[in-house]
Amino acid sequence: EQWLPRLASGSAIMAFGITEPDAGSNSHRLKTVARREGDEWVLSGRKIYISGVDEADAVMIVGRTADARTGRLRPALFVVPTDAPGFTFQPIEMELVTPERQFLLFLDDVRLPAGALIGEPDAALMQLFAGLNPERIMASAMAVGIGRYALDKAVSYVRERTVWDVPVGAHQGIAHPLAQIKIELELAKLMMQKAATLQDSGDGKAAGEAANMAKYAAAEASVRAVDQAVQSLGGNGLTKEYGVASLLAVARTTRIAPVSREMILNFVAQNSLGLPKSY
């Protein structure tokens, strides 16, 4: 009641914080811990590479709570207002140029009301995973969009650029790589759309497989698209005027975030092929 209407209307923004310095995205090794004191939760821990915190009204923090029966820690989700006492953040200097900045978060005994806990404590891990598939699909869409933009830039350039008697796009050394990129982007787009359709249908297991595959395919196609665009433009590909060189780092990021290509391959090997778990 407090957050969803505002998020839906756009009057409030919420960032998401799971990654930690020593645990990456391994939700079973997170060190951010929430303990119950009376009617309050008290959070302590650190997060890293959390984007958009400077523009957010709150951050959805993935912490861990102690099971009252077993004492074991299990993941739980908390809404932490960015102006909460004990919550601080500092920017991380990045070579990557994007609209969103990256931050290191510090939670030093941040006190929150009982209602800051999202859902039930014992359902938090499933709640967390339910949000990761749409995140992968969104990342796939972003990667496909970057690749299509770079491809359009390259095609427009090689149609016009004439060094000998014909535009350079007439040469197969230029045309064939761009044609391959077109095919790869269309295939990645189809897998992304399949993942979105499965997610909308409520088939979480199938959506998980498709979302991971879409994320992998889109990232690989995006990286190759930007690289080939720069190569097709030659020296002009590194200038600000044509706007493709700045995409090199952005496209490369899609192989890393929000989940690395290696973890996707682990997922497919284990869940799609039934191979033994490797980690």
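Predicted model only: the values in this text are computed from it and were never measured.

Engineer: Explanation requested: the overall build of the protein chain in the structure shown.
Structural biologist: Looking only at helices and strands, one finds six helices and seven strands in the protein chain. Seen in sequence order, the protein chain has helices and strands lined up from the N terminus as α-β-β-β-β-β-β-β-α-α-α-α-α. Dimensions along the principal axes, computed over C-alpha positions, put the protein chain at roughly 80 × 40 × 35 Å. A burial count over the protein chain gives 37% of its 279 residues as buried. Restricting to contacts in the protein chain with at least 6 residues of sequence separation, those with at least 24 account for 66%. Counting every atom, the protein chain has about 15,600 Å² of accessible surface; 54% of that belongs to carbon and sulfur. Positive and negative side-chain charges in the protein chain, numbering 29 and 31 respectively, have mean positions lying 5 Å apart.

Engineer: Which parts of the structure should I look at to understand the packing of aromatic side chains?
Structural biologist: Pairs of aromatic rings are described using the distance from one ring centre to the other and the angle between the two planes. Under the criterion given, the structure shown has four aromatic pairs. A ring pair is formed by Phe89 and Phe103, whose centres lie 5.4 Å apart and whose planes are at 90°; its orientation type is edge-to-face. Residue Phe89 is located in strand E6 (residues 87–91), and its partner Phe103 is located in strand E7 (residues 102–113); the two are separated by 14 residues in the primary sequence. Look at Phe89 and you get partly exposed, because its relative accessible area is 33%. The buried category is assigned to Phe103, whose relative accessible area is 2%. Pairing Tyr157 with Tyr242 gives two aromatic rings, centres 5.4 Å apart and planes at 90°, and the pair type is edge-to-face. Taken as a pair, Tyr157 in helix H2 (residues 124–160) and Tyr242 in the loop between helix H4 (204–233) and helix H5 (247–253) lie far apart in primary sequence, 85 residues in all. Judged by its relative accessible area of 23%, Tyr242 falls in the partly exposed class. Clustering of aromatic rings is evident, with ring pairs tying together Phe87, Phe89 and Phe103. A cation over an aromatic ring shows up here: Arg6 above the ring of Trp3, its NZ or CZ 4.6 Å from the ring centre.

Engineer: Is there a simple way to explain a nonpolar patch on the surface in this structure?
Structural biologist: A cluster of nonpolar side chains, contributed by Ile183, Leu187 and Leu190, occupies part of the molecular surface with about 310 Å² of accessible area. Position of Ile183 relative to the elements: it lies in helix H3 (residues 172–201). Taking the relative accessible area as the measure of exposure, Ile183 reaches 52% and is therefore exposed.

Scoring rules and cut-offs
Along each chain, the written sequence defines residue order, and numbers are assigned to residues from 1. Thresholds applied to this predicted model are a pLDDT of at least 70 for local features of residues and 80 or more for the giving and counting of side-chain atom pairs; totals over whole chains, interfaces and linings are not thresholded and use all residues. Side-chain numbers here rest on the full set of heavy atoms in the structure, without hydrogens or water. Segments assigned H or I by DSSP are reported as helices when at least four residues long, segments assigned E as strands when at least two residues long, and all are numbered from the N terminus. To sort residues, take the accessible area from a 1.4 Å probe on protein chains only and compare it with the maximum for the residue type: under 20% means buried, over 50% means exposed, and anything in between is partly exposed. Residues are treated as being in contact if the distance between any of their heavy atoms lies within 4.5 Å. The protein chains shown are the only cover counted for residues, whose accessible areas, like all others here, come from Shrake-Rupley with a 1.4 Å probe. Under this rule, positive means Lys or Arg and negative means Asp or Glu; His and the chain ends count for nothing. By convention, charge coordinates are those of NZ in Lys, CZ in Arg, CG in Asp, or CD in Glu. Each Phe, Tyr or Trp ring (for Trp, its six-membered ring) is paired with any other whose centre lies within 6.5 Å, and the angle between the two planes then decides the class: stacked below 30 degrees, edge-to-face above 60, tilted in between. Remark: a charge is flagged as sitting over a ring if the NZ atom of Lys or the CZ atom of Arg is within 6 Å of the ring centre and within 35 degrees of the ring normal. Patch building starts from residues that exceed 30% relative accessible area and form no salt bridge, then joins like charges within 9 Å and nonpolar side chains (Val, Leu, Ile, Met, Phe, Trp, Tyr) within 5 Å. One speaks of a salt bridge when a side-chain nitrogen belonging to Lys or Arg is within 4 Å of a carboxyl oxygen belonging to Asp or Glu.

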